[in-house]
Amino acid sequence: MATPSYPSLLALSLSLLAGASQAGFTDQFKDPTDGRVDASQWILNNAHGFMPVPILITEPAVGVGGGAALLFFHESESQRQKRLEDPLAVAEIPPSVTGVVAAGTNNGTKLGGLFHSGNWLEDKVRYLGGIFAADLRLKAYTGIDAPAMGFSLQGWHLFQDIDVRLGQSNFFLGGEYSYTRSEAEFDLGGEHPLNQESAMADSDGALGVKLTYDSTDNHFSPRSGIKARLKSTQHDKRLGGDFDYRTDSAFLHAYHRLSAKWGVNMRLDAKSLSGDAPFYALPYLDMRGMPAMRYQGDDTALGEVEVSYDLDDRWTLLGFAGAGKAMMADERFADSPWLKTQGVGFRYLMARQLGLRTGMDIAKGPEEWTLYLQVGGAW
């Protein structure tokens, strides 16, 4: 992948162009500034513009599979006017997006849902909400070296999330509500010390408050700036659930350009849980190269660094590495081992006027290699 004739012209761009037989149609996927594949005109100039996004699932926790998402972009009149006045500019305020998603894997996992990401009042209010139904086949672990506990989780999840900008600053004060209704069935396997099959049905209602700082230059694929958040979420029987527990979290994402070609990004993340939570609600290390729910604990902490190099205006190569810890309440931080991950990837600027980059990453964690299809930033 050393020249612009990369063999991967991206599954995303192929799906956009599939079946196109008229020059007028295909011209909507060509950037007039450089003549290369670009989805900006189709998304923004077409009132019915949408972006079909293929979903490649190689998550070790659920197996191999795929699906698709249809993303519908909605510009405000002021956003449209600014873009028409300066077609070469990249939008500072992202348009609202409505998405429909469906996917499945070879282990029987299935999910589908609908969501809307709204950006209102010239980026003074940000909203995210949706509803998803799923039949998940997963594994959980009581410790790093403990045997796997197989289970299925069927149900649906509703979430509502809103952030309001504080004055003209980069700070946002927000709140969120979520409700999950699920039924879990366990198949612990003959080698598990608690060899049995059982089932449980429960609900989980949660209300959270958060403070966010966001000075990043792009909503989809940031290249410079900082995004940080402090959040506390109370899961309570009075909110419609069957549990009483609290989760606290903090993260910092920093993006910096070392030069016109080189960039370095940094991620720090910490989570903590207290109270009577279901086993699947425990925080886990969410990093490229680590299966979901593989490394769980009452407390988690991680750090990751990503270095990128722009081959040209469209193509970017990157490498990343990180480490994290997952600890139970009775474990000391110093006694918990560092779990490491590293990998490489690439990005292609698929929609220049949105600053949206897509690509792939391949990552190696403590146990295995994993491939990821990325739309936007990895964090």
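Residues numbered from 1 in each chain as written. Predicted model: local features only at pLDDT ≥ 70, side-chain atom pairs only at ≥ 80, totals over all residues. Heavy atoms only, no water.

**Details of the overall build of the chain**
Looking only at helices and strands, the chain has 4 helices and 16 strands in total. Put simply, the chain has 379 residues, and 45% of those count as buried. (Helix = DSSP H or I, 4+ residues; strand = E, 2+ residues; numbered from the N terminus. Buried < 20%, exposed > 50% of the residue type's maximum accessible area, 1.4 Å probe, protein only.)

**Quick word on unusual backbone geometry**
What is expected of a backbone is that most residues other than glycine have negative phi and most peptide bonds are trans. Residues other than glycine seldom take positive phi values, yet Leu121 does so here, at roughly 55°. With respect to the helices, strands and loops of the structure, Leu121 is situated in the loop between strand E4 (110–120) and strand E5 (125–140). With a phi angle near 70°, Met293 is a residue other than glycine that sits in the positive phi range. Its relative accessible area of 7% is what places Met293 among the buried residues.

**Some thoughts on empty space enclosed by the protein**
Taken as a whole, this structure holds 3 cavities of 30 Å³ or more when the rule is applied. Volume-wise, the second largest cavity comes out at about 250 Å³. Along the wall of the second largest cavity there are 18 residues; nearest its centre are Pro222, Asn265, Glu306, Leu318 and Arg347. Mapped by element, the contributors of at least two residues to the lining of the second largest cavity are strand E10 (244–257), strand E11 (262–276), strand E12 (299–310) and strand E13 (315–327). Per-element tally for the lining of the second largest cavity: the top contributor is E11, with 3 residues. (1 Å grid on protein atoms, 1.4 Å probe; cavity = no way out; pocket = protein on both sides within 12 Å on 5 of 7 lines; lining within 4 Å. Points joined across faces, edges and corners; volume = space filled by probe spheres on them.)

**Things to note about the nonpolar core**
The biggest cluster of nonpolar side chains holds 22 residues, and the ones touching the most others in it are Ile43, Met51, Leu71, Phe73 and Leu354. Of all the secondary-structure elements, those providing two or more residues to this core are helix H3 (40–45), strand E1 (50–57), strand E2 (65–74), strand E3 (96–105) and strand E14 (339–351). Top contributing element to this core by residue count: E14, with 4 residues. Those residues in contact with Leu354 that sit more than four places away from it in its chain are Ser40, Ile43, Leu44, Phe73, Val90, Pro95, Asn218 and Phe220. (Core = buried A, V, L, I, M, F, W, Y, C linked by side-chain atoms within 4.5 Å. Contact = heavy atoms within 4.5 Å.)

**Overview of the packing of aromatic side chains**
In the structure shown here, the tally under the stated rule is 12 aromatic pairs. Ring centres 6.3 Å apart and planes at 15° place the aromatic pair Phe132 and Phe159 in the stacked group. Placement of the pair is Phe132 in strand E5 and Phe159 in strand E6 (residues 149–165), with a sequence separation of 27 residues. Between Arg288 and the ring centre of Phe320, over which it is positioned, the NZ or CZ distance is 3.7 Å. Just above the ring of Phe333 sits the side chain of Lys325; from NZ or CZ to the centre is 4.2 Å. (Phe/Tyr/Trp six-rings, centres within 6.5 Å; stacked < 30°, edge-to-face > 60°. Lys NZ or Arg CZ within 6 Å of the ring centre and 35° of its normal.)

**Examining the pattern of salt bridges**
Per the stated rule, a full pass over the model turns up 25 salt bridges. A salt bridge links Arg294 to Glu367; the shortest N-O distance between them is 2.8 Å. Of this pair, Arg294 sits in the loop between E11 and E12 while Glu367 sits in the loop between strand E15 (356–364) and strand E16 (369–375), and the two are 73 residues apart along the sequence. Members of the salt-bridge network, linked through shared partners, are Arg267, Arg288, Glu304, Glu306, Arg347 and Asp361. (Salt bridge = Lys/Arg side-chain N within 4 Å of Asp/Glu carboxyl O.)

**Re a nonpolar patch on the surface**
Judged by side-chain polarity, Leu258, Trp262, Met266, Leu268, Val305, Val307 and Tyr309 come together as a nonpolar surface patch covering roughly 590 Å² of accessible area. Breaking the nonpolar patch down by element, the ones donating at least two residues are E11 and E12. By relative accessible area, which is 35% here, Val307 ends up partly exposed. (Patch = residues over 30% accessible without salt bridge, like charges linked within 9 Å, V, L, I, M, F, W, Y side chains within 5 Å. Areas by Shrake-Rupley, 256 points an atom, 1.4 Å probe, with all protein chains shown as cover.)

**A short note on the environment of Leu285**
Assignment of secondary structure puts Leu285 in the loop between E11 and E12. As for Leu285 and Gln296, which are separated by 11 residues in sequence, their C-alpha atoms are 6.7 Å apart. Non-local contacts of Leu285, meaning those with residues more than four positions away in its chain, are made with Met290, Tyr295, Thr300, Ala301, Leu302, Gly324, Lys325, Ala326 and Leu339.

**Details of the layout of surface pockets**
A volume near 360 Å³ is recorded for the largest pocket. Around the largest pocket, the lining comprises 17 residues; the ones closest to its centre are Lys82, Val90, Ala91, Glu92 and Ile93. Broken down by element, the residue count for the lining of the largest pocket peaks at 3 residues, all from helix H4 (residues 77–85). Each residue belonging to the lining of the largest pocket can be placed in one class, and the counts come to 8 nonpolar, 2 polar and 7 charged. (Nonpolar A, V, L, I, M, F, W, Y, C, P; charged D, E, K, R; others polar.)

**Digging into the environment of Leu44**
With respect to the element layout, Leu44 can be found in helix H3. Leu44 gets classed as buried once you look at its relative accessible area, which sits at 8%. Those residues in contact with Leu44 that sit more than four places away from it in its chain are Glu75, Arg80, Arg83, Pro95, Gln353 and Leu354.

**Here's the deal with the side chain of Thr370**
Examined against the element boundaries, Thr370 turns out to sit in strand E16. Given the relative accessible area of 3%, Thr370 is considered buried.

**Some words on the confidence of the model for the chain**
Looking at the chain, pLDDT values average 85 and 87% of them are 70 or higher. Note on residues 1–23: pLDDT is under 50 here. Beyond four places in sequence and across chains, it has 40 contacts. A low-confidence stretch, residues 190–198 (pLDDT under 50), is modelled with 16 contacts involving residues beyond four sequence positions or located in other chains. (pLDDT = per-residue confidence, 0-100.)

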